[in-house]
Amino acid sequence: MSASDPTPEPHSLPVEPDNGVQVNAGEHAVQPRAPKAGKAPREVPEPKEKLPVTKLGRIWTATVLGIIVLILLIIFIAQNQDQVTLRYFTYEGQVNLGLALFIAAVGGALVVAIAGVARVIQLRATAKKKRKAAKR
């Protein structure tokens, strides 16, 4: 290096190993910083009371989640544009793969929803019978 360059040579820079022992404790030794005087530690404010969960809040959350799922479905359908042949008994046709899988998923969801509705109707009928029996 030239004499006018104040940058120290790389081999003369201080080196600190991982165990915390200082090597090269000369004038270029790295010293830990002391905390600045006069600054108090920042106080964390106490959390305020949580807001109650409302039906509108739940609807809003469900709407946002539904929009996210819809966006993911649109991306899925857009990325799966290959044509596939579908056969159902004697019917046969060409459709996009993404659309075919989407239709299959919707069909499965309908089957589950129908089973769920049937169970809810059964439980309501049972509860109604119990209420009538309790009034007598």
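A quick note: this is a predicted structure, and the numbers were derived from the prediction, not measured.

Explanation requested: the overall build of the chain in the structure shown.
Helix and strand content of the chain: two helices and two strands. Across the chain, helices and strands are ordered from the amino to the carboxyl terminus as α-β-β-α. By the burial criterion, 4% of the 136 residues in the chain qualify as buried. In the chain, 7% of the contacts between residues at least 6 apart in sequence involve partners at least 24 apart. Just so you have it, the chain exposes about 13,200 Å², and 64% of that area is on carbon and sulfur atoms.

Which parts of the structure should I look at to understand the packing of helix α1 (residues 55-79) against helix α2 (residues 97-135)?
In a pair of packed helices, the angle between the axes and the distance between the axes together describe the arrangement. At a closest axis distance of 6 Å, the pairing of α1 and α2 adopts a crossing angle of 140°. In terms of their interaxial angle, α1 and α2 are classed as oblique. Facing L73, F76 and I77 of α1, the residues of α2 in contact are G98, L99, L101 and F102. Partitioning the contact of α1 with α2 into residue classes produces six nonpolar, one polar and no charged.

Hey, could you run me through a nonpolar patch on the surface in this one?
Side chains of W60, V64, L65, I67, I68, I71, L72 and I75 sit close together on the surface and give an oily, nonpolar patch of about 790 Å² of accessible area. The residue L72 is located in helix α1 in this model. L72 sits in the exposed class, given a relative accessible area of 52%.

I tried to follow unusual backbone geometry on my own but got confused; where do I start?
Glycine aside, negative phi is the norm for most residues, and most peptide bonds take the trans geometry. For F89, which is not glycine, the phi torsion reads 55° and is therefore positive. With respect to the helices, strands and loops of the structure, F89 is situated in the loop between β1 (83-88) and β2 (91-96).

It is not clear to me how the pairing of β1 should be interpreted in this structure. Could you clarify?
Consecutive side chains of a regular strand alternate in pointing toward one face of the sheet and then the other. Sheet analysis places β1 next to β2, joined by six bridges and oriented antiparallel. Paired with R87 across the strands is E92, a residue of β2. As consecutive antiparallel partners, β1 and β2 are separated by two residues, and within that stretch F89 has a phi angle of approximately 55°, a positive value.

What is the right way to look at the UniProt feature "transmembrane region" (unreviewed entry) in the chain in this model?
Listed under "transmembrane region" (unreviewed entry) in the UniProt record, and renumbered for this structure, are residues 59-79 and 99-121. Between the C-alpha atoms that bound residues 59-79 there is a distance of 30 Å. The span itself is 100% helix and 0% strand. Taken end to end, residues 99-121 is 100% helix and 0% strand, and its two terminal C-alpha atoms sit 33 Å from one another.

Would you mind going over the pattern of salt bridges with me for this structure?
Opposite charge on two side chains permits them to pair, given that their charged atoms come into close proximity. Summed over the entire model, instances satisfying the criterion amount to one salt bridge. Two residues, E92 and R87, come together in a salt bridge whose shortest N-O distance is 3.5 Å. Just as E92 is exposed, R87 falls in that class too.

The rules behind the values
Residues numbered from 1 in each chain as written. Predicted model: local features only at pLDDT ≥ 70, side-chain atom pairs only at ≥ 80, totals over all residues. Heavy atoms only, no water. Helix = DSSP H or I, 4+ residues; strand = E, 2+ residues; numbered from the N terminus. Buried < 20%, exposed > 50% of the residue type's maximum accessible area, 1.4 Å probe, protein only. Contact = heavy atoms within 4.5 Å. Areas by Shrake-Rupley, 256 points an atom, 1.4 Å probe, with all protein chains shown as cover. Axes fitted to C-alpha atoms, helices over the stretch in contact; angles between N-to-C directions. Parallel < 35°, antiparallel > 145°, perpendicular 65-115°, else oblique. Nonpolar A, V, L, I, M, F, W, Y, C, P; charged D, E, K, R; others polar. Patch = residues over 30% accessible without salt bridge, like charges linked within 9 Å, V, L, I, M, F, W, Y side chains within 5 Å. Salt bridge = Lys/Arg side-chain N within 4 Å of Asp/Glu carboxyl O. Pairing = 2+ DSSP bridges. UniProt positions renumbered as here; feature names shortened; annotations may be inferred.

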